[in-house]
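Working through the structure, step by step
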Amino acid sequence: MTGYPPAPRSIQAVFFDIGETLVNEGEIYGRWADWLGVPRHTFLTKLGAILATGGGHQDVFQYFSPGFDLDAEEKRRAAAGVPNGFGPDDLYPDARACLSALHGQGLYVGIAGNQPVQAAEQMAALGLDADVIGISDVWGVEKPSPEFFERCAQIADVLPDRVLYVGDRIDNDMRPAIAFGMKAAFLRRGPWGHIQRDDETLAECLFVLDGLDALPDLVARHNAP
């Protein structure tokens, strides 16, 4: 007589946001402040003030440089030899080991965030242990659209409730992922992670984290028979 087959694991795929989840954007914003000739602490303080009143990161550029054109300025920076983007030094120190540990558990590991087309190459160059890298401007859909989260589940080929989405924003990450039927892990770091507040949404999150170090063990325990 054979035993029952093992129950499917509750979490079969884990997707990670990019900015302030895997990539530390502090230096990225700092380099923009340098380019605009604004002291870094002033630029970052104003960014936080704008976010706290419901604005977005684009608003800080308009504040310091009215009429700011991101595409035009990125081309100017590239021509000047200081291109926008991120590299290995911008990766959070807990990111690489976390993705590798989850992959080692046999889980599908994805990276998916709202980023420009160039971020696909920059992310791939980091050599993280991920099965897919999803970039909004490549996919043609961005968070918080339900289609973005649907794309994640389809690529992983698992049901939405078997996907854990990890991110630092309540508005762009937690609420829409939960609404789509996914599990969610809120990462409390970066400007949005410390400014945004929604106790009701956080209560619906499977995990609330202060870093990625603990996530592999939490997922393993959650998936344990």
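Everything here concerns the structure above.
Below is a short write-up of the structure. (Residues numbered from 1 in each chain as written. Predicted model: local features only at pLDDT ≥ 70, side-chain atom pairs only at ≥ 80, totals over all residues. Heavy atoms only, no water.)

**What to know about the overall build of the protein chain**
Scanning the protein chain for helices and strands turns up 12 helices and six strands. The C-alpha atoms of the protein chain give a radius of gyration of 18 Å, which matches the 17 Å a tight globule of 225 residues would have. Across its three principal axes, the protein chain shows a C-alpha extent of roughly 75 × 35 × 30 Å. By the burial criterion, 46% of the 225 residues in the protein chain qualify as buried. Considering only contacts in the protein chain between residues 6 or more positions apart, those separated by 24 or more positions represent 60%. In the form shown here, the protein chain has an accessible surface area of approximately 11000 Å², with 53% of it arising from carbon and sulfur atoms. Where the 18 positive side-chain charges of the protein chain centre and where its 32 negative ones centre are 2 Å apart. (Helix = DSSP H or I, 4+ residues; strand = E, 2+ residues; numbered from the N terminus. Rg over C-alpha atoms; globule rule 2.2 N^0.38 Å. Buried < 20%, exposed > 50% of the residue type's maximum accessible area, 1.4 Å probe, protein only. Contact = heavy atoms within 4.5 Å. Areas by Shrake-Rupley, 256 points an atom, 1.4 Å probe, with all protein chains shown as cover. Lys, Arg positive; Asp, Glu negative; His and termini not counted. Charge placed at Lys NZ, Arg CZ, Asp CG, Glu CD.)

**Structural notes on the sheet that holds strand β4 (residues 163-167)**
The strand order across the open sheet built from six strands is β3-β2-β1-β4-β5-β6, with neighbouring strands paired in parallel fashion. Each end of this open sheet is capped by a strand with a single partner; those strands are β3 (132-135) and β6 (207-209). The mean angle between the axes of side-by-side strands here comes to 20°, regardless of whether they run parallel or antiparallel. Against the sheet, helix α12 (residues 215-223) makes contact with β1 (13-16), β4, β5 (183-187) and β6, and its axis sits at roughly 165° relative to β6, the strand it touches most. (Pairing = 2+ DSSP bridges. Axes fitted to C-alpha atoms, helices over the stretch in contact; angles between N-to-C directions.)

**Focus on the packing of helix α1 (residues 26-36) against helix α4 (residues 70-79)**
Following both chains from N to C, one finds α1 and α4 inclined at 85°, their axes separated by 12 Å at the closest point. For the element pair α1 / α4, the angle class is roughly perpendicular. Contact with α1, carried on its side by Arg31, Trp32 and Trp35, involves Leu70, Glu73, Glu74, Arg76 and Arg77 of α4 and no other residues of that element. (Parallel < 35°, antiparallel > 145°, perpendicular 65-115°, else oblique.)

**Some words on the pairing of β4**
Across the five residues that make up β4, a large majority, five, are buried. What you see with β4 is no split at all: Val163, Tyr165 and Gly167 on one side and Leu164 and Val166 on the other are buried throughout. Bridging between β1 and β4 involves four bridges; their strand directions are parallel. In the sheet register, Ala13 faces β4, and the bridge partner there is Val163.

**Brief notes about the packing of helix α2 (residues 40-52) against helix α3 (residues 57-64)**
The geometry of α2 relative to α3 is characterised by a closest axis approach of 9 Å and an angle of 125° between their N-to-C directions. When the axes of α2 and α3 are compared, the pair comes out oblique. The handedness of the crossing between α2 and α3 comes out as right-handed. Packed against α2, whose contacting residues are Thr42, Phe43, Lys46, Leu47, Ile50 and Leu51, the element α3 presents His57, Asp59, Val60, Phe61, Tyr63 and Phe64 at the interface. Its residues placed into classes, the contact of α2 with α3 shows eight nonpolar, two polar and two charged. (Left-handed = near helix turned anticlockwise from the far one by under 90°. Nonpolar A, V, L, I, M, F, W, Y, C, P; charged D, E, K, R; others polar.)

**With respect to the packing of aromatic side chains**
The final tally for this structure, using the stated rule, is 11 aromatic pairs. Ring geometry for Phe149 and Tyr165: centres 5.3 Å apart, planes at 75°, overall edge-to-face. A residue pair is termed long-range when its members are at least 10 positions apart, and Phe149 in helix α8 (residues 146-156) and Tyr165 in strand β4 qualify at 16 residues. You'll find Phe149 and Tyr165 in the same group, each marked buried. Each residue in the set Tyr29, Trp32, Phe43, Phe61, Tyr63, Phe64 and Phe68 is aromatic and connected to the rest through ring pairs, giving one cluster. A cation sits over an aromatic face here: Lys46 above Tyr63, 4.3 Å from the ring centre. Above the face of the Tyr92 ring, Arg189 is positioned so that its terminal group lies 3.7 Å from the ring centre. (Phe/Tyr/Trp six-rings, centres within 6.5 Å; stacked < 30°, edge-to-face > 60°. Lys NZ or Arg CZ within 6 Å of the ring centre and 35° of its normal.)

**Notes on the pattern of salt bridges**
Throughout the structure, instances matching the rule amount to 12 salt bridges. The closest approach of N and O atoms between Glu27 and Arg40, which form a salt bridge, is 2.9 Å. Residue Glu27 is located in helix α1, and its partner Arg40 is located in helix α2; the two are separated by 13 residues in the primary sequence. Classification of Glu27 by relative accessible area gives partly exposed; the value is 39%. (Salt bridge = Lys/Arg side-chain N within 4 Å of Asp/Glu carboxyl O.)

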